[in-house]
Amino acid sequence: MEVPAPVDAECALPESVAGLALARDFTRATLTGWGFGAVADDALLIVTELATNAVLHGEGKPVLRLKYGAAVVRLEVTDESTALPATRESGPDGGWGLRLVQELSLAWGVTPGAAGKVVWCELGRAPRE
């Protein structure tokens, strides 16, 4: 069985919620081109949550990165804040975002770095059931 080399695509996002439409458009076009169209709706929800968190709670210019290899696509949003996100009690004022990411993805996490962090998740070729 031949496993394709990982493929990457990257999009710098504006530092405002106005960049969320760009993040969604970039994600849909890239995933469809890679043959991951079946998970595009889940990916759009996740990217919206991760990008919103980076804009509202992060620092610097967020970057959206999409990667795939074999049968998994990885969504990453990087920002320059070292503060790590955490799930919180859900209620009328929010707290649903990371729980949604957890529910829709195969795996998710945070990778801290010297210049900020990467919040990531992985999706399979087909939506979770």
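To be clear, the structure that these remarks concern was listed above.
Residue positions are given per chain, counting from 1 as you read along its sequence in written order. In keeping with the model being predicted, local features are shown solely for residues with a pLDDT of at least 70 and side-chain atom pairs are shown and tallied solely at 80 or more, while totals for entire chains, interfaces and linings include all residues. Just so you know, side-chain values use all the structure's heavy atoms and leave hydrogens and water out.

Engineer: What is the right way to read the overall build of the protein from this model?
Structural biologist: Every helix listed is a DSSP run of H or I at least four residues long, and every strand listed is a run of E at least two residues long, numbered separately from the N terminus. Counting its regular elements, the protein contains three helices and five strands. Secondary structure elements of the protein occur, N-terminal to C-terminal, as β-α-α-β-β-α-β-β. Referenced to the eigenvectors of the C-alpha coordinate spread, the extents of the protein come out at roughly 45 × 30 × 25 Å. To sort residues, take the accessible area from a 1.4 Å probe on protein chains only and compare it with the maximum for the residue type: under 20% means buried, over 50% means exposed, and anything in between is partly exposed. Across the 129 residues that make up the protein, the buried fraction comes to 43%. The contact rule is simple, with two residues in contact once any of their heavy atoms fall within 4.5 Å. Long-range pairs, those at least 24 residues apart, make up 61% of the contacts in the protein between residues at least 6 apart in sequence. Using a 1.4 Å probe, accessible areas were evaluated by the Shrake-Rupley method; residue-level cover was limited to the displayed protein chains. Summing over all exposed atoms, the protein offers an accessible surface of approximately 6900 Å²; the carbon and sulfur share of this is 55%. This count recognises Lys and Arg as positive and Asp and Glu as negative, with His and chain-terminal groups excluded. A charged residue contributes its charge at one atom only: NZ of Lys, CZ of Arg, CG of Asp or CD of Glu. Counting 11 positive and 17 negative side-chain charges, the protein places the centres of these two groups 0 Å from one another.

Engineer: What am I meant to see in the nonpolar core here?
Structural biologist: By convention a nonpolar core is built from buried Ala, Val, Leu, Ile, Met, Phe, Trp, Tyr and Cys residues, the set being connected through side-chain atoms within 4.5 Å. The biggest cluster of nonpolar side chains holds 28 residues, and the ones touching the most others in it are Trp34, Ile46, Leu64, Val73 and Leu75. Every element with two or more residues in this core is listed here: strand S1 (7-12), helix H1 (19-34), helix H2 (40-57), strand S2 (63-69), strand S3 (72-79), helix H3 (97-104) and strand S5 (116-124). A total of six residues in this core trace back to one element, the largest contributor, which is H2.

Engineer: Would you explain the environment of Tyr68 in this entry?
Structural biologist: Counting through the fold element by element, Tyr68 comes out in strand S2. Between the C-alpha atoms of Tyr68 and Glu122, which are 54 residues apart in sequence, the distance is 9.1 Å.

Engineer: What's the story with the pattern of salt bridges in this structure? I'm lost.
Structural biologist: Side chains that differ in charge, positive against negative, can pair when their charged atoms come close. Any Lys or Arg side-chain nitrogen located within 4 Å of an Asp or Glu carboxyl oxygen qualifies as a salt bridge. Tallied over the entire structure, the rule returns seven salt bridges. Of the charged contacts in the structure, one is a salt bridge between Arg74 and Glu76, with a shortest N-O distance of 2.7 Å. Judged by its relative accessible area of 6%, Glu76 is buried. One salt bridge in this structure joins Glu122 and Arg74, with 3.3 Å as the shortest N-O distance. In this pair, Glu122 sits in strand S5 while Arg74 sits in strand S3, placing the two residues 48 residues apart along the sequence. With relative accessibility at 24%, the residue Glu122 sits in the partly exposed group. Several salt bridges share partner residues, and in doing so they unite Glu10, Arg65, Lys67, Arg74, Glu76 and Glu122 into one network.

Engineer: When you look at the environment of Leu84 in this model, what are you seeing that I'm missing?
Structural biologist: On the secondary structure map, Leu84 appears in the loop between S3 and H3. For Leu84 and Ala40, which are 44 residues apart along the polypeptide, the C-alpha to C-alpha distance reads 26 Å.

Engineer: Quick question: what am I supposed to make of the side chain of Thr27 here?
Structural biologist: Looking at the element boundaries, Thr27 is found in helix H1. Apart from residues no more than four positions distant in its own chain, Thr27 is found in contact with Ala43, Leu44, Val47, Leu64 and Leu66.

Engineer: Would you explain the pairing of S2 in this entry?
Structural biologist: In the case of a regular strand, side chains alternate between the two sheet surfaces. Within S2, five of the seven residues are buried, which leaves the element mostly enclosed by the surrounding structure. The pairing criterion is simple: DSSP has to find at least two bridges between the two strands. Remark: two residues form the turn of the hairpin made by S2 and S3, two consecutive strands paired antiparallel; Ala70 in that turn has positive phi of roughly 55°.

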